[in-house]
Amino acid sequence: EAAVTQSPRNKVAVTGGKVTLSCNQTNNHNNMYWYRQDTGHGLRLIHYSYGAGSTEKGDIPDGYKASRPSQENFSLILELATPSQTSVYFCASGDANSDYTFGSGTRLLVI
Amino acid sequence: GDQVEQSPSALSLHEGTSSALRCNFTTTTRSVQWFRQNSRGSLINLFYLASGTKENGRLKSAFDSKELYSTLHIRDAQLEDSGTYFCAATDSNYQLIWGSGTKLIIKP
C-alpha cells in the first residue's frame, strides 16, 4: 500500500544541536513537502521538492534545510535547533493532479 | 486577505444531524482537497476534486472552480467524525494553500 513514512515519530533535541527528520514515500509522486503545525497556525509550508535533487523554499524556510536525494526520500534538516522550532512536522507527497498523502507526523521538542 | 477562507471555525453537532463546511477562494484554484485531522494529529485525505462533486459514504464534497468555492457536507454525523477539517486549494503554481480549519465536535 502506497504510503508516506516519517521518522522519528518523536524527538527531543538540545538547543544548538542538529536534527534530521526523514520522510519516505512509496507513491512514486514527484512532489514532496515539509510542513509544521503549531497551535493557532494550521499547517505552514517549510520546503518542498519537485523531484530528486530539487529543493525549494516554502513560506517559512528560515532555520531549515531540505534534501531530496531520491524520488522516495525527502529530509528536513535543522542545523542549529532552537526552542522556537518545537512543533509537529508533517511530510507529504503529491502530484499536480492527484491526492496528497501525509505522514503521521514527527513531534519535535527542542530544549 | 487570506486566499482560502474557511468557515465556520468551529461547529458542534448532535449525532444524526447534518451540516456543511465551506471554503471560499480569492484566486484561481486548480483543485481542492479536504482533510480531517484526528485527535492523534494524523491527517487523512478525504477528497480531491478538480471539479464537480464526490461522495464517500456520509461525506459529500463539491467544488465550483468558476464561483471559487468548495463545500463539504456531513450527513448523519457520528462521534467518529469529530476532528479538525481543513480545505486546501492548489494554486496556479501547484502549491497547496490551506484554510484555517474547522473544529468539529459531535455530541451524543
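Our structure's up above, just so we're on the same page.
In this text the structure is predicted, and so the values were computed from the model without any measurement.

Cut-off values and rules
- Residues numbered from 1 in each chain as written.
- Chains lettered and ligands numbered in written order.
- Predicted model: local features only at pLDDT ≥ 70, side-chain atom pairs only at ≥ 80, totals over all residues.
- Heavy atoms only, no water.
- Helix = DSSP H or I, 4+ residues; strand = E, 2+ residues; numbered from the N terminus.
- Buried < 20%, exposed > 50% of the residue type's maximum accessible area, 1.4 Å probe, protein only.
- Contact = heavy atoms within 4.5 Å.
- Areas by Shrake-Rupley, 256 points an atom, 1.4 Å probe, with all protein chains shown as cover.
- Buried area = accessible area lost by both parts, 1.4 Å probe.
- Salt bridge = Lys/Arg side-chain N within 4 Å of Asp/Glu carboxyl O.
- Polar contact = N/O pair within 3.5 Å; in protein donor to acceptor, adjacent residues only side chain to side chain.
- Pairing = 2+ DSSP bridges.
- Axes fitted to C-alpha atoms, helices over the stretch in contact; angles between N-to-C directions.
- Disulfide = S-S within 2.5 Å.

Draft legend 1. Highlighting the overall build of chain A. Helix and strand counts for chain A come out as zero helices and 11 strands. Secondary structure elements of chain A occur, N-terminal to C-terminal, as β-β-β-β-β-β-β-β-β-β-β. Summarising its shape, the C-alpha atoms of chain A cover approximately 40 × 25 × 25 Å along the three principal directions. Burial analysis of chain A (111 residues in total) assigns 52% to the buried set. Sequence-distant contacts, at least 24 apart, represent 54% of the contacts inside chain A between residues at least 6 apart. If you sum the accessible surface of chain A, you get close to 5200 Å²; carbon and sulfur atoms cover 48% of it.

Draft legend 2. Structural view of the interface of chain A and chain B. Chain A puts 17 residues into the contact, and the matching count from chain B is 15 residues. Counting the surface lost from both chain A and chain B, the interface buries some 1400 Å², and carbon and sulfur atoms represent 50% of this. Across the contact surface, chain A and chain B share zero salt bridges. Seen at the junction of chain A and chain B, the total is three residue pairs in polar contact (both at pLDDT 80 or more).

Draft legend 3. Up close: the sheet that holds strand β8 (residues 75-78) of chain A. All names here are of chain A. In space, the four strands of this open sheet follow the order β1-β3-β8-β7, with antiparallel pairing throughout. The sheet is open, and its two borders are formed by β1 (4-7) and β7 (65-67), each paired with just one other strand. Ignoring which end each strand starts from, the neighbouring axes of this sheet average 20° apart. Where strand β3 (residues 19-25) and β8 come together, three bridges link them in antiparallel fashion. Bridge pairing links Thr20 to Ile77 in β8.

Draft legend 4. Representation of the sheet that holds strand β8 (residues 69-74) of chain B. All names here are of chain B. Strand order in the open sheet formed by five strands is β1-β3-β8-β7-β6, with antiparallel pairing between adjacent strands. At either end of the open sheet lies a strand with only one pairing partner, and these are β1 (4-7) and β6 (52-56). With strand direction ignored, the average angle separating the axes of adjacent strands in the sheet is 15°. Sheet topology note: the strand β3 (residues 19-25)/β8 ladder contains six bridges and is antiparallel. From the neighbouring strand, Leu21 faces β8, where its bridge partner is Leu72.

Draft legend 5. The arrangement of the state of the cysteines in detail. All names here are of chain A. Taken as a whole and judged by the stated rule, the model has two disulfides over all chains. A sulfur-sulfur distance of 1.9 Å marks the disulfide that ties Cys23 to Cys91. The sign of the -80° torsion about the S-S bond sets the Cys23-Cys91 disulfide as left-handed. A residue pair is termed long-range when its members are at least 10 positions apart, and Cys23 in strand β3 and Cys91 in strand β9 (residues 87-94) qualify at 68 residues.

Draft legend 6. Structural view of the pairing of strand β11 (residues 102-107) of chain B. Residue and element names in this part refer to chain B. Here β11 shows a buried face lined by Thr102, Leu104 and Ile106 and an unburied face lined by Lys103, Ile105 and Lys107. Sheet analysis places strand β2 (residues 10-14) next to β11, joined by five bridges and oriented parallel. If you follow His14 over to β11, its bridge partner there is Lys107. Bridging between strand β9 (residues 83-90) and β11 involves three bridges; their strand directions are antiparallel. The partner of Tyr85 across the bridge, within β11, is Thr102.

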